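This is what each chain is made of:
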Amino acid sequence: MFSSDLSYSSMKSILDQSSRRNTTIAGLRPETQEMVARLGVAAKLSGLDLRVGEAYRSYQRQYDIWAPGRVAGRLDEPKTFAAAPGRSLHEQGRAVDVFFSGANQEEQFSPEKYKKLYETYTDLYGKDIRWGGNWKSRDMPHFETRMGGLSSNVSERGLAKYNLTASDLGTMVAEEASRLQKIAIDKVEKRFGKKINIAGAPSQTRQQSVSTTRAPSPPANKVSAPTQAQAPVKKQAASNTATQMSMKYQNSSLEILLAENKRILGLKQSLLTII
Ligand SMILES: [Zn+2]
């Protein structure tokens, strides 16, 4: 059902060119993409409208949300609670943060809505995923897959509760997956000026329009999206971007190292003072 072309392994090199928030299923592992589709259906069955706040994160993105609290705040009292770069399941394509459509933050991040969503999900599929709302330090919007992947069993009781057959549910999930897939293809193509060829894409017409008539969109951000006529420039721009990203990362790493060194020196000095 899920094309591997939008998955972690094939999207990583593209998505890693940007440190911007990625609100699509692109870059998620296939089972995580399926989890998002299941959550979308569970939301619908609960009268909720689910939105993806953030899914796959590049190392740089994880760094960017983790670092400010570490550098600006005291190192022993970080102001952000994001996992350190390299340690988040978002970076492995296994986690998603969701919210709900609504006029304000209370509606968009309503704890009751999250509870209802998780309840409906587990009614149908059991506890085959992890929800941050169950953790000691709560992370309500966060859902992640387990190492064993998703359960393929659907609860008979759950189906009865929502007045569905297994086949109804399967169709709903497939439709939701295809909707999420289209959004992901669209956004990635627009942002990176890349053509995503999906095996088993929704329609042949779409593939043709993508590969022959559609001009890459203008850059949506720092990452260049030049036209095909500028192919050499494109390569140059991409490698420049990669270099910039890598330099930015190296600089940030240096900042952290310097800050850590300062802290250790500070500790040594205070120890000396005590001694
Ligand atoms: Zn998360």
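These numbers were taken from a predicted model, which means no experiment stands behind them.

Draft legend 1. A look at the overall build of the protein. Per the secondary structure count, the protein includes nine helices and four strands. The buried share of the protein, reckoned over its 275 residues, is 31%. Counting only contacts in the protein whose residues sit at least 6 apart along the sequence, the fraction spanning at least 24 positions is 67%.

Draft legend 2. Structural detail: helix H2 (residues 30–45). For H2, which comprises 16 residues, the first-to-last C-alpha distance of 23 Å matches the rise-based estimate of 22 Å (1.5 Å per residue) to within 8%. H2 sits mainly inside the fold: 14 of its 16 residues count as buried. After H2 finishes, the residue Gly47 shows a positive phi value of roughly 75°.

Draft legend 3. Expanded view of the packing of H2 against helix H7 (residues 166–192). In the contact formed by H2 and H7, the axes pass within 8 Å of each other and the chain directions differ by 115°. Where H2 crosses over H7, the handedness of that crossing is right-handed. Contacts from Gln33, Glu34, Val36, Ala37, Arg38, Gly40 and Val41 in H2 reach Leu169, Met172, Val173, Glu176, Ala177 and Leu180 in H7. A class-by-class count of the residues in the contact of H2 with H7 yields eight nonpolar, two polar and three charged.

Draft legend 4. Representation of unusual backbone geometry. Even without being glycine, Asn163 reaches a positive phi, approximately 55°. Mapping Asn163 onto the fold places it in the loop between helix H6 (156–161) and H7. Judged by C-beta crowding, with 8 C-beta atoms within 10 Å, Asn163 ranks as exposed.

Draft legend 5. Up close: H7. If you check H7, its first and last C-alpha atoms are 38 Å apart, about what 27 residues at 1.5 Å a residue would give, namely 39 Å. Taken together, the buried positions of H7 are occupied by Leu169, Val173, Glu176, Ala177, Leu180, Gln181, Ala184, Ile185, Val188, Arg191 and Phe192. Buried residues in H7 make contact with helix H1 (8–15), H2, helix H5 (111–125) and H6. A positive backbone phi angle near 60° is found at Gly193, which sits one or two residues after H7.

Draft legend 6. Structural detail: the packing of H2 against H5. Where H2 contacts H5, the two axes come as close as 8 Å, and the packing angle between them is 110°. With respect to H5, the element H2 is oriented roughly perpendicular. Considering the relative orientation of H2 and H5, their crossing is right-handed. On H5, the residues that touch Arg38, Leu39, Ala42, Ala43 and Leu45 of H2 are Leu117, Thr120, Tyr121, Leu124 and Tyr125. Per-class residue counts for the contact of H2 with H5 are eight nonpolar, one polar and one charged.

Draft legend 7. Spotlight on the confidence of the model for the protein. Looking at the protein as a whole, its pLDDT mean stands at 79, while 66% of the residues score no less than 70. The model gives residues 200–235 a pLDDT under 50, and that stretch makes 38 contacts with residues more than four places away or in other chains. Throughout residues 264–275 the model reports pLDDT below 50, and contacts reaching past four residues in sequence, or to other chains, amount to zero contacts.

Draft legend 8. Focus on the nonpolar core. By size, the foremost hydrophobic cluster in this structure holds 44 residues, and its most contacted members are Val36 and Leu39. Every element with two or more residues in this core is listed here: H1, H2, strand E1 (50–54), strand E2 (95–100), H5, strand E3 (129–131) and H7. The contact partners of Val36, leaving out residues within four places of it in the chain, are Ile25, Leu28, Val52, Val96 and Leu180.

Draft legend 9. Up close: the sheet that holds E3. Reading across the sheet, the four strands line up as E1-E2-E4-E3 and stay open at both edges, with antiparallel pairing between neighbours. Only two strands of the sheet have a single partner each, and these edge strands are E1 and E3. Strand-to-strand twist of the sheet, defined as the mean angle between neighbouring strand axes without regard to direction, takes the value 35°. Sheet topology note: the E1/E2 ladder contains four bridges and is antiparallel.

Draft legend 10. Structural detail: the pairing of strand E4 (residues 142–145). Strand direction decides the pairing type here: E2 and E4, joined by three bridges, are antiparallel. Bridge pairing links Asp97 to His142 in E4. Inspection of the sheet shows E3 paired to E4 by three bridges, in the antiparallel sense. Bridge pairing in E4 links Arg130 to Glu144.

Draft legend 11. Region of the structure containing the pairing of E2. By the criterion of burial, E2 is predominantly enclosed, with six of the six residues buried. Here E2 shows a buried face lined by Ala95, Asp97 and Phe99 and a second buried face lined by Val96, Val98 and Phe100.

Draft legend 12. A look at the environment of Arg191. Note on placement: Arg191 falls in helix H7. For Arg191, a count of 22 C-beta atoms within 10 Å corresponds to the buried category. On a C-alpha basis, the gap between Arg191 and Leu15 in space is 9.7 Å, while along the polypeptide they are 176 residues apart.

Definitions and limits used
Residues numbered from 1 in each chain as written. Predicted model: local features only at pLDDT ≥ 70, side-chain atom pairs only at ≥ 80, totals over all residues. Helix = DSSP H or I, 4+ residues; strand = E, 2+ residues; numbered from the N terminus. Buried ≥ 20, exposed ≤ 12 C-beta atoms within 10 Å, placed from the backbone. Contact = placed C-beta atoms within 7 Å. Expected span 1.5 Å × (residues − 1). Axes fitted to C-alpha atoms, helices over the stretch in contact; angles between N-to-C directions. Left-handed = near helix turned anticlockwise from the far one by under 90°. Nonpolar A, V, L, I, M, F, W, Y, C, P; charged D, E, K, R; others polar. Parallel < 35°, antiparallel > 145°, perpendicular 65-115°, else oblique. pLDDT = per-residue confidence, 0-100. Core = buried A, V, L, I, M, F, W, Y, C linked by C-beta atoms within 7 Å. Pairing = 2+ DSSP bridges.

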